[in-house]
Amino acid sequence: MAAVDAGSGPAVAIVPEKLADDEQKEPLFERILYTLLPMLKSHEDRRRVRANDPVFNSQYKYANNVVITSKYNVLTFLPRNLFEQFLRVANTYFLILLIIQLIPSVSSVPFYSTLIPLVAVLSVTAIKDAYDDIKRHVSDHRINNRAARVIRDGQLVDLKWKDVRVGDVLRLERDEFITADMLVLSSSEPNSLVYIETAELDGETNLKVRQPIPETAHLEDHLDQLSKFEGYVEAEIPNNRLHKFVGTLTYNDQQYSLDNDKIVLRGCRLRNTKWMYSMVVYAGRDTKLVKNSGKTKFKRTHLDLFMNKLVIFILMFLGVCLLIGLIGSWIFEAVYAAGDGFRLFVPYLNSAQDSAAELAWLQILSNLIVLNTFVPISLYVTVEVIRLGLSLFINWDVKMYYAPNDVPPLARTTTLNEELGQIEYIFSDKTGTLTQNIMTFLKCSIHGRKYGEVTAEDKEREQIVSTGELELLSSDVKQVDFASWNSYADKGFVFCDQEFVDKCKSKEDPECDEFFRLLCLCHTVLPAMEKGELVYNAQSPDEAALVQAARNFGYVFKARSPFTITLDVFTPGEEFVPEQYEVLNILDFNNERKRMSVIVKYEDKITLYCKGADSIVFARLNEESQPLMRVTLEHLAEYAREGLRTLVLAKKDLTLEEYTMWAEEHHQASIVQENRDAALDLVYEKIEQDLTLLGATAIEDKLQDGVPETIANLAKANIKIWVLTGDKQETAINIGYSSKLLTENMRVFIVDSDTPEGVIGQLRDAGKEIAAAGESGRTADPFVDDDEDGEGRNEGGSGSEVLGPPFGIVLNGHSLRHALKEDVKLELLETAGKCQAVICCRVTPLQKKKVVDLVKKNKGAVTLAIGDGANDVGMIKAAHIGVGISGQEGQQAVLASDYSFGQFRFLERLLLVHGRWSYHRMTIFLRYFFYKNFAFTFSQFLFAFFCGFTAQTLYDATFIAVYNVIYTSLPVIALAILDQDVDEDSCYRYPQLYVAGQQNKNFNILIFIRSLIKGIYVSIVFFFVYFGMTFLNVFPEGYEWDYQSFGLAASATLIIIVNLQIALDTLTWNPIMHIFVWGSIISWFVVIPFIGAPFLYGSFFTYTGVANEVLGTAQFWFYWPLASVIALTPTVIFRFTRLDLDPHLVDDVRLKVGKEGRKLFRRRTFKRKVPKRVEKSAGKRTGYAFAHQQGFGKLITSGLGFGMPLQDVEVQHQRRLTRLITASQQGSPAPMRRPGPEGGVSSGIFAATFTVAAVSRSLSLPHKEEAAASINTQKDVDVNVHESHSDSAAAVPSRADVPGAVPTQSPEPKSEQQQVAVESTSPIEETNQ
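About the thresholds
- Residues numbered from 1 in each chain as written.
- Predicted model: local features only at pLDDT ≥ 70, side-chain atom pairs only at ≥ 80, totals over all residues.
- Heavy atoms only, no water.
- Helix = DSSP H or I, 4+ residues; strand = E, 2+ residues; numbered from the N terminus.
- Contact = heavy atoms within 4.5 Å.
- Areas by Shrake-Rupley, 256 points an atom, 1.4 Å probe, with all protein chains shown as cover.
- Buried < 20%, exposed > 50% of the residue type's maximum accessible area, 1.4 Å probe, protein only.
- Pairing = 2+ DSSP bridges.
- Patch = residues over 30% accessible without salt bridge, like charges linked within 9 Å, V, L, I, M, F, W, Y side chains within 5 Å.
- Salt bridge = Lys/Arg side-chain N within 4 Å of Asp/Glu carboxyl O.
- Phe/Tyr/Trp six-rings, centres within 6.5 Å; stacked < 30°, edge-to-face > 60°.
- Lys NZ or Arg CZ within 6 Å of the ring centre and 35° of its normal.
- Polar contact = N/O pair within 3.5 Å; in protein donor to acceptor, adjacent residues only side chain to side chain.
- Expected span 1.5 Å × (residues − 1).
- Axes fitted to C-alpha atoms, helices over the stretch in contact; angles between N-to-C directions.
- Disulfide = S-S within 2.5 Å.

**As for the overall build of the protein chain**
Piece 1. Of regular secondary structure, the protein chain possesses 45 helices and 37 strands.
Piece 2. Contacts in the protein chain between residues far apart in sequence, at least 24 positions, make up 76% of those at least 6 positions apart.
Piece 3. Taken as a whole, the protein chain presents about 54,200 Å² of accessible surface, with 57% of it coming from carbon and sulfur.

**A look at the pairing of strand S20 (residues 526-530)**
Piece 1. Where burial is concerned, most of S20 is hidden: four out of the five residues are buried.
Piece 2. Taken together, the five bridges between S20 and strand S21 (residues 533-537) define a ladder with antiparallel strand orientation. Bridging across to S21, Pro 527 finds its partner in Tyr 536.
Piece 3. In textbook terms, the turn of a hairpin is the stretch between consecutive antiparallel strands, and for S20 and S21 this stretch comprises two residues, one of which, Lys 531, has a positive phi near 55°.

**Digging into a nonpolar patch on the surface**
Piece 1. On the surface, a cluster of nonpolar side chains totalling about 550 Å² of accessible area is made up of Leu 102, Phe 111, Tyr 112, Leu 115, Ile 116 and Val 119.
Piece 2. Looking at where Tyr 112 falls in the secondary structure, it is placed in helix H5 (residues 112-144).

**Observations concerning the packing of aromatic side chains**
Piece 1. Applying the stated criterion across every chain yields a total of 65 aromatic pairs.
Piece 2. Above the face of the Phe 929 ring, Lys 932 is positioned so that its terminal group lies 4.1 Å from the ring centre.
Piece 3. The side chain of Lys 1014 reaches across the aromatic face of Tyr 931, ending 5.1 Å from its centre.

**Concerning the pattern of salt bridges**
Piece 1. In this structure the tally under the stated criterion is 53 salt bridges.
Piece 2. Here Lys 262 ties to Asp 259 by a salt bridge, and the two come within 3.6 Å at their closest N and O atoms. Exposure class is identical for Lys 262 and Asp 259. Each is buried.
Piece 3. If you follow the salt bridges from partner to partner, you end up with Arg 593, Arg 595, Arg 620, Glu 685 and Glu 688 in one network.

**A look at unusual backbone geometry**
Piece 1. Positive phi outside glycine occurs at Asn 52, with the angle close to 55°.
Piece 2. Inspection of the secondary structure puts Asn 52 in the loop between strand S1 (47-50) and helix H2 (54-58).
Piece 3. The exposure class assigned to Asn 52 is partly exposed, which follows from its relative accessible area of 25%.
Piece 4. Positive phi is not limited to glycine here, since Glu 603 has a value of about 55°.
Piece 5. Residue position: Glu 603 is located in the loop between strand S25 (595-602) and strand S26 (605-612).

**Some remarks on the sheet that holds strand S34 (residues 837-840)**
Paired through their backbone hydrogen bonds, the strands of a sheet run either parallel or antiparallel.
Piece 1. Taken together, nine strands build an open sheet; the order of strands is S14-S37-S36-S35-S15-S29-S34-S33-S30 and the sheet is mixed. Only two strands of the sheet have a single neighbouring strand rather than two, namely strand S14 (410-411) and strand S30 (747-751).
Piece 2. Inspection of the sheet shows S14 paired to strand S37 (residues 899-901) by two bridges, in the antiparallel sense. Looking across to S37, one finds that Leu 410 is bridged to Ser 900.

**Overview of the environment of Glu 688**
Piece 1. When you line up the elements, Glu 688 lands in the loop between helix H21 (676-687) and strand S28 (692-703).
Piece 2. With a relative accessible area of 0%, Glu 688 lands in the buried category.
Piece 3. Considering only alpha carbons, one finds Glu 688 and Leu 621, 67 residues apart in sequence, at a separation of 9.0 Å.
Piece 4. Ignoring sequence-local partners within four residues, the contact set of Glu 688 consists of Leu 587, Arg 593, Arg 595, Ser 597, Leu 608 and Arg 620.
Piece 5. Here Arg 595 takes part through its side chain, which lies 2.6 Å from a polar atom of the side chain of Glu 688.
Piece 6. A distance of 2.5 Å separates the side chain of Glu 688 from the side chain of Ser 597, its partner in a polar contact.

**Section: helix H4 (residues 89-101)**
Piece 1. For H4, which comprises 13 residues, the first-to-last C-alpha distance of 18 Å matches the rise-based estimate of 18 Å (1.5 Å per residue) to within 8%.
Piece 2. Restricting attention to buried positions, one finds in H4 the residues Ala 90, Asn 91, Tyr 93, Phe 94, Leu 97, Leu 98, Ile 100 and Gln 101.

**Here we look at H21**
Piece 1. Here H21 is twelve residues long and its end C-alpha atoms lie 17 Å apart, about the 16 Å a rise of 1.5 Å per residue gives.
Piece 2. Taken together, the buried positions of H21 are occupied by Ala 678, Ala 679, Leu 680, Asp 681, Val 683, Tyr 684 and Ile 687.

**With respect to the sheet that holds strand S16 (residues 435-446)**
Piece 1. The strand order S17-S16-S28-S27-S26-S25-S24-S23-S22 describes an open sheet built from nine strands, whose pairing is antiparallel. At either end of the open sheet lies a strand with only one pairing partner, and these are strand S17 (449-451) and strand S22 (555-560). Taking each pair of neighbouring strands and ignoring which way they run, the sheet shows an average axis angle of 30°.
Piece 2. In terms of strand pairing, S26 meets strand S27 (residues 645-654) through seven bridges, oriented antiparallel. Bridge pairing in S27 links Tyr 609 to Lys 651.
Piece 3. Each of S16, S17, S22 and strand S23 (564-571) touches helix H15 (residues 498-506); the most contacted strand, S17, lies at about 105° to it.

**Points about the pairing of strand S3 (residues 155-160)**
Piece 1. Pairing of strand S2 (residues 147-152) with S3 involves six bridges; the strand directions are antiparallel. Bridge pairing links Ala 147 to Lys 160 in S3.
Piece 2. Between S2 and the antiparallel strand that follows it, S3, lie two residues; Asp 153 among them carries a positive phi value of about 55°.

**Description of the environment of Val 617**
Piece 1. As for its position among the elements, Val 617 is in helix H18 (residues 614-618).
Piece 2. Considering only alpha carbons, one finds Val 617 and Asp 690, 73 residues apart in sequence, at a separation of 9.9 Å.
Piece 3. Here Val 617 is in contact with Cys 610, Gly 612, Val 648 and Ala 650, once residues within four sequence places are set aside.

**So, the state of the cysteines**
Piece 1. Overall, the coordinates contain zero disulfides when judged by the stated rule.
Piece 2. Distance from the sulfur of Cys 512, which forms no disulfide, to the nearest cysteine sulfur (Cys 504) is 4.9 Å.
Piece 3. Overall, Cys 512 belongs to the buried group, its relative accessible area being 1%.
Piece 4. Free cysteine: Cys 841, not disulfide-bonded; nearest cysteine sulfur from Cys 840 at 7.6 Å.

The following block contains the structure:
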């Protein structure tokens, strides 16, 4: 909990921020290294820094401000990259094979046949990795070379970020990024307040306030004093806790406590503050941002890891073949080759004294080289080519191009494409990823009537588009023209209920009038004039939307001071009339109260206005409002179903006596020393009773286009979506419903306990309820069959729509902290794993990473993380696939990602289309590649039985070298890049097709073994067909078929069979496929006769003249079709039988969309099975969400935000209270001066969206009792303002004394209250994102 030293002056109100994470453990490798070499580990036990003293700070050897996110440098690139590449079992295997081939007495194949492909594979991969890392180096260079202004020798010196050191004092200006983790010393704003945007750190777009201690604030921008500042800071060692800092500052022999409110962190951005001076405490890799970013990891797909296992399996199979060859060679040498006659044909290597066993063992190496094509190195070359092609298709996809921001899709890596087709879990940020963080007033309910609804006439002319937005088809649909009568109207405000607007203009409905007056009065917004226009600087986007809406309806919030609010209200006389309200009290919002109230006095009337959560406000209504409450509750339920954020509005009229009695109690509670917050809450509770209901507001938190449709379709694809956000629980839940992540018929569990035991209990209770429901594994057929016999089919497997359980779970930050502990995390995983949707709110970047790691390591599922800010970098790096959205929060997420684009909706196309196609293409490629190489290599193993196991090859060396390069490479590359089992429309319409990739149905160990068996079968067929031919036939000249003729005919048949097989595997034919498939077959009949022609005798081709002999025989033209038919017939029969008896979902989809399929197969009609929405009854779910936090009411009433002395403001409040008490005792109303034309105050201190850290509060019963006792103790204290302060001390500052105020043009004398006109210029700018 943040605290302010009692001696440090007035404190800014502080709200509880997200709980910190435990310190991240060091990786196992580093722990082992530090154990063996302890001198390498930093022994820093406390950070000790002295300002402007580089000599003192250098002794600790603190990190400089250079940040490196790249993996390699010039020295480490080659060894580290090679090490990573040789983690592939195949690469290591080929390296060993290359070493063996360097032995001349063993190898029958030249070493360069393996060396050249191996070097090519390693080089291509290294170049790709280097390219990716160079981009990281460029990004690092750009960041490390940003400009910084550092005080050196009494002057500001321009340096680079990389040159900044711990202890330096820096000057930062508005909109600049914070250079390092620094202690705030002074700023340009009143009371040295500093406003920062932390979206890069925690995803929250609200601004936060920081304030230095007063002892350094007086330094302001005096360089001579700042250069002599010698403050000494002792603080905690570098850690990753974003929301906690503990330290002390020793300055002028005084010690001051430091907390998180005195620190600004690297990655934040200075907003609405002209300048700030600060002192560097942590730099570079020691900053909290870097500590939370994680390390760049080498990512490999599941198929890569599976291929490693397959290579080991193939090597075992190869070992069996070598063992058989060893035994056969020994038997042959010992029994059949004992005589010297055989040695004339196969001479021994050394002498006649070589034993059969020795020769057999030596023969193993020769057989290894001959059979090495069981695992061809061309496999990895082809894989890289295919992945490159698939990546280019993503880059070239114009349907994923986001034109408004000119953001094309980008595959930042080429190694993970097929992994996109196997995603089971998506971890998504909210702000900037799902939402635009733009709030729009859409509808309202006032006195039981709904407004803002589109009329029936308009509904006939509207169309709901896929983005979920309302697109008006005709300009005849009437939108309210506010600008014609309201000079304050916002041009971007859209509203279509003209009847409601007319009612507001005429003031005929007092309920509507009170409704909008509440919106104008009950808030903490501050107005400012920017470029001649009135703008609102709000602490939250919700408040800005409500006040802006009231402005458009003719209730303009014009100005405010700590004591007054000034409105301009449109009257039936077609003019705006100023009204000034005296602000008596602001009953501030907090997370427990879930409401905010303001007590104002206008003329002789005192009114309390309240807005908050429906459950809270409804419980405090009077009896007369109960019927209206039931009607409003129905409206709220309707708004909640539409995903709108709702607030309930109520009021209460107070008598002067009633208020003064309460005001005395409030004063006594405000001065108690213990449990002050609980005491104030008790007093607030007393006045906020017997409220009169006015109505409710409905605000739309604008989602990015297409988010609900994308989430719904991904859920149908059996992808579980977890939202990890830094926002509040209510906001996160509301977005969950509006984005269709949570649905109305979904049972949502809330885990919000503060203790480990409570978290475990809530998780177990949820798990029991889910188990009792018994719906975890239910499936449903995505099609409804309308066959004549009426029989339906539920395929299960890939043909069933996996609906998933109708459960969701929400966890907040402190509960998640306990849930991620070792003894609880498996309970969390078990319960959350049974839910279709999971939302984690108020989480830190490190917690996001831990959640991803938890699922990744324990579920064994393929994960994807998507985000747009620096706070998402950790989870993006941790997930199997990281996706960055190029949005408003910088480029850190994009730079750390594997894929990037401009909008969340493109994720649907990336996964369901590109991902699914990539997985389909890669798996069909692997099946075919292993098949064709086993067919090729196993025939050489069969030939060993007929050549005395002498490692003699069946085929010519040239054919062996080009088999995988020319004859069979192009068709399979084209297939793996261009093939489509279904078109992209079907991928969208039937997302259930995606399930096959999640379940590895297209390529697993059974399919792999089936491919091997099919390859072995093909090899046996054509080998023995031609082996039999050599016994049954002779050439026309009378001589028999020799082994060269046999091998040449077998090679031709092999080429024909494997290319016909790929023709059967091809599902989408195009000109390229025709050219490559038939061209590969024709190429053999062209190339082999040419290079074997007699005029090339003596060339590299040793089968001179054989081709002409073989092609000239009738036997060859008879046997190759025979062998092909025998080899391919089982495949054709199997496929037709499976299609008829056990079709897969993809077969049904192809049948539905293909005309030929409809003729060949039985006619069936398919209809989408759309589950009926189960609507909840009214009031079952609230749409309450309010991005407001505690502390801003105090900032306004204390005058801190206006640069006014706190003592003067307190005196003024006491004077007003005394005046009201006196008037109450006399039985007459206190006078209230009418404002001048510009009466009121404007401030530009607050931005449109900001948050302040506020004190954590507790409303438990014991504390309330203690608070009540404290109040009673204070009853006897009589505070006399006039006795406590002299008249001079109590004097209220004039207009000229207020910083930034513009003198009024009114000739009227100033009242006792401070009157400050709306500023013509303001240091504040709106930062709504």
